[in-house]
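What follows is the residue order along each chain.
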Amino acid sequence: MQNQILVQEPQTKSPKTTTSATMLVPVCNSERCANQPVRMSESSADPPFKIAYKNLLEKVGDTVQNSMLVVEECELPLIDMKQLELGEAERKACKKLIAQASQQWGFFQVINHGVPVDVVEKMRSEQMKLLRKPFQEKKALKDLNLSAGSYRWGTPSPTCLEQLSWSEAFHVQLTDILDSLAQNSLRWSMEQFALAVCEVAKELAEILAEEMGGETGIFKERCLPKSCYLRLNRYPACPTYSHIMGLMPHTDTSFLTLLHQDNVGGLQLLKDGKWIAVKPNPHALIINIGDLFQAWSNNLYKSVEHRVVANPVKERFSAAYFLCPPRDTVIQSAQIGGAVYRSFSFGEYKKQIEVDVQSIGHKVGLQRFLLPTQ
Ligand SMILES: O=C(O)CCC(=O)C(=O)O
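Throughout what follows, the structure given in this document is the object of discussion.

Cut-off values and rules
Think of each chain on its own: its residues are numbered from 1, step by step along the sequence as written. Side-chain atom pairs in this predicted model are given and counted only at pLDDT of 80 or more, local residue features only at pLDDT of at least 70, and totals for whole chains, interfaces and linings cover all residues. The numbering of helices and of strands both runs from the N terminus, where a helix is a DSSP run of H or I of at least 4 residues and a strand a run of E of at least 2. Exposure criterion: with C-beta atoms placed from backbone coordinates, a residue whose C-beta has 20 or more other C-beta atoms within 10 Å is buried, one with 12 or fewer is exposed, and one in between is partly exposed. For every residue pair, C-beta atoms are placed from the backbone, and the pair is scored as a contact if these atoms sit within 7 Å. DSSP calls a pair of strands paired once it identifies at least 2 bridges connecting them. Geometry is summarised by axes, namely lines fitted to C-alpha atoms with helices restricted to the contacting stretch, and by angles between N-to-C directions that run from 0 to 180 degrees. Orientation is classified from the angle alone, with under 35 degrees giving roughly parallel, over 145 giving roughly antiparallel, 65 to 115 giving roughly perpendicular, and any other angle giving oblique. Crossing handedness is read from the near helix: turned anticlockwise from the far helix by less than a right angle, it gives a left-handed crossing, and turned clockwise, a right-handed one. All residues other than Ala, Val, Leu, Ile, Met, Phe, Trp, Tyr, Cys, Pro, Asp, Glu, Lys and Arg, Gly among them, are scored as polar; the first ten of these are nonpolar and the last four charged. Buried Ala, Val, Leu, Ile, Met, Phe, Trp, Tyr and Cys residues form a nonpolar core when they are connected through C-beta atoms within 7 Å. What a helix is expected to span follows from its residue count: subtract one and scale by 1.5 Å. The directions from the helix axis to the C-beta atoms are what the arc is built from.

## Some words on the overall build of the protein
Piece 1. Tallying secondary structure elements over the protein gives nine helices and 16 strands in all.
Piece 2. Classification of the 374 residues of the protein by burial places 42% in the buried group.
Piece 3. The contacts in the protein between residues at least 6 apart in sequence include a share of 80% that link residues at least 24 apart.

## Regarding the sheet that holds strand 11 (residues 274-278)
Piece 1. Ordered by their spatial adjacency, five strands build an open sheet running 2-11-10-13-8, and the pairing between neighbours is mixed. Sheet topology places strand 2 (72-74) and strand 8 (245-250) at the edges, where each strand pairs with a single neighbour. Each strand of the sheet is rotated relative to its neighbour by a mean of 30°, with strand direction disregarded.
Piece 2. Where strand 2 lies against strand 11, three bridges are found, and the strand directions are parallel. Along strand 11, the bridge assignment pairs Cys74 with Val278.

## Overview of the environment of Ala209
Piece 1. You can see Ala209 is positioned in helix 6 (residues 185-211).
Piece 2. Looking at Ala209, the number of C-beta atoms within 10 Å reads 22, which means it is buried.
Piece 3. In this structure, the C-alpha to C-alpha distance between Ala209 and Phe219, residues 10 residues apart in sequence, is 9.0 Å.
Piece 4. Apart from the residues lying within four places of it in its own chain, the contact partners of Ala209 are Gly214, Glu215, Thr216 and Phe219.

## Comments concerning the packing of helix 4 (residues 117-131) against helix 6
For any two helices packed against each other, one specifies the inter-axial angle together with the distance between the axes.
Piece 1. Interaxial distance between helix 4 and helix 6 falls to 9 Å at its minimum, and their mutual angle equals 135°. Relative to helix 6, the element helix 4 is oriented oblique. In this structure, helix 4 meets helix 6 at a crossing whose hand is left-handed. Seen from helix 4, the contacting residues are Val119, Val120, Lys122, Met123, Glu126 and Leu130; seen from helix 6, they are Ser185, Leu186, Ser189, Met190, Gln192, Phe193 and Ala196.
Piece 2. Taken together, the residues that form the contact of helix 4 with helix 6 break down as eight nonpolar, three polar and two charged.

## Quick notes on the environment of Thr329
Piece 1. Mapped onto the elements, Thr329 comes out in the loop between strand 14 (316-323) and strand 15 (330-332).
Piece 2. Each C-alpha atom of the pair Thr329 and Gly347 lies 7.7 Å from the other, and the pair is 18 residues apart in sequence.

## Details of the sheet that holds strand 4 (residues 107-111)
Piece 1. Spatially, 3-4-12-9-14-7-6-5 is the arrangement adopted by the eight strands of the open sheet, whose pairing is mixed. Strand pairing shows two members of the sheet lacking a second neighbour, strand 3 (78-80) and strand 5 (151-153), which therefore form its edges. Across the sheet, the axes of successive neighbouring strands diverge by a mean angle of 25°, strand direction being ignored.
Piece 2. As defined by bridge partners, strand 6 (residues 168-173) adjoins strand 7 (residues 229-235) across six bridges and the pair is classed as antiparallel.

## Some words on the nonpolar core
Side chains that are nonpolar tend, in soluble globular proteins, to be buried together.
Piece 1. Ala201, Ala205, Leu256, Tyr321 and Leu323 are the most contacted members of the largest nonpolar core, which totals 87 residues.
Piece 2. A per-element tally of this core places helix 6 first, with 13 residues.
Piece 3. When residues no more than four places from it in sequence are discounted, the contact partners of Tyr321 are Ala194, Val197, Cys198, Ala201, Cys228, Leu230, Thr257 and Leu258.

## Quick word on the pairing of strand 13 (residues 306-309)
Piece 1. Every second residue of strand 13 is oriented toward a common face, with His306 and Val308 on one face and Arg307 and Val309 on the other, all of them buried.
Piece 2. Where strand 8 meets strand 13, three bridges bridge the pair, whose relative direction is antiparallel. By the bridge assignment for strand 13, Met245 is matched with Val309.
Piece 3. Bridge count for strand 10 (residues 267-271) against strand 13 is three bridges, and the pairing is antiparallel. Residue pairing across strands places Leu267 opposite Val308, the latter belonging to strand 13.

## Section: helix 4
Piece 1. For helix 4, built from 15 residues, the straight-helix expectation of 21 Å at 1.5 Å per residue is met to within 8% by its first-to-last C-alpha distance of 21 Å.
Piece 2. Those residues of helix 4 that fall on the buried side of the exposure criterion are Val120, Met123, Gln127 and Leu131. Axial view of helix 4: buried residues confined to an arc of 70°, hence all on one face. Along helix 4, exposed side chains directed more than 90 degrees from the buried face belong to Val117, Asp118, Glu121 and Lys129.
Piece 3. Buried residues in helix 4 make contact with strand 6, helix 6, strand 7, strand 9 (256-261) and strand 14.

## Some points on helix 6
Because the α-helix completes a turn every 3.6 residues, residues three or four places apart line up on one side.
Piece 1. Taking 1.5 Å per residue as the helical rise, helix 6 with its 27 residues ought to reach 39 Å, and the 39 Å between its terminal C-alpha atoms agrees with that figure.
Piece 2. Of the residues one or two after helix 6, Gly213 is the one with positive phi, at around 75°.

## Here we look at the pairing of strand 6
Piece 1. Of all six residues in strand 6, five are buried, a share of seventy percent or more.
Piece 2. Here strand 5 runs beside strand 6; their pairing, made up of three bridges, is antiparallel. Looking at strand 6, one finds that Tyr151 is bridged to Phe170.

Rendered as structure tokens:
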């Protein structure tokens, strides 16, 4: 199967390429970047969701929406990465399982992934300390030196209950924290976590490339931590309104996403038209295919919609690592059976999402890049 990631965006663009791939303010993958000016009366860790969503919550009331109903809880396909270190037969079988899960589910979980437990625990404890700080302090980002816009909460202009996001996050460009020289415990923990998880991400991406018969080596060369993102999520408990979304349904703007979640649960994914709740496994990292891999593999691997439902009693934490290439990287779909998507640069893709979020309120994603069918 022929496919490529070209390094530089071509100088002459095809007539269909109308948007530029110049540098942008990064958008979060779930496209929630609220931060509307809201007056706060109390000092608390939680963003002022109730004030920001007041009108909508009053109008809609506490009703169960059909779209919120979950059909079943499941364990994601479980891959033991230890198998990759055994004999040829085990390695081969393990790679097949990874590719199969990526085609059928777009999601799987890995154990024995090599990210040290103490790295995960240290990062989680720093994440909790950070996100439990008072809301006003988080907004001010005083001691963190992250890029503007790294702290995000809620949904900008929701029009219905399904669009509410009861969560907050630090969406961190890794260039902001790399080489932190251990000045700050939080930054150091994020860096250690990101570097360790990046190795797993690249190994899995290379396996997926190999299994689809694509070019290998490119993820190791191109998807370096400095072009990737780390998002630290907090989902405050939402006792007043049941079935509120912690995070709206979305696909990820990445090649791969690696997620570490706590034991609370709430992550759901869409499979065969039904929402399925993912059973937490504290030893596992969850992997999901992002839009770039779906495009590059010409729809072989699936970038699947997922969401998080808020818990009425417990707050929840998760950390997501987004494996991304530099912005000028061009994604060209595999040609077998005819390319489904036109080529686009990662920068162009992100720009289009930003434009869509601003103009129509949500990400359209890969559909914008479909080639006309013959
Ligand atoms: O918290 C989770 O389980 C999912 C997070 C997620 O989808 C995201 O950060 O884009």
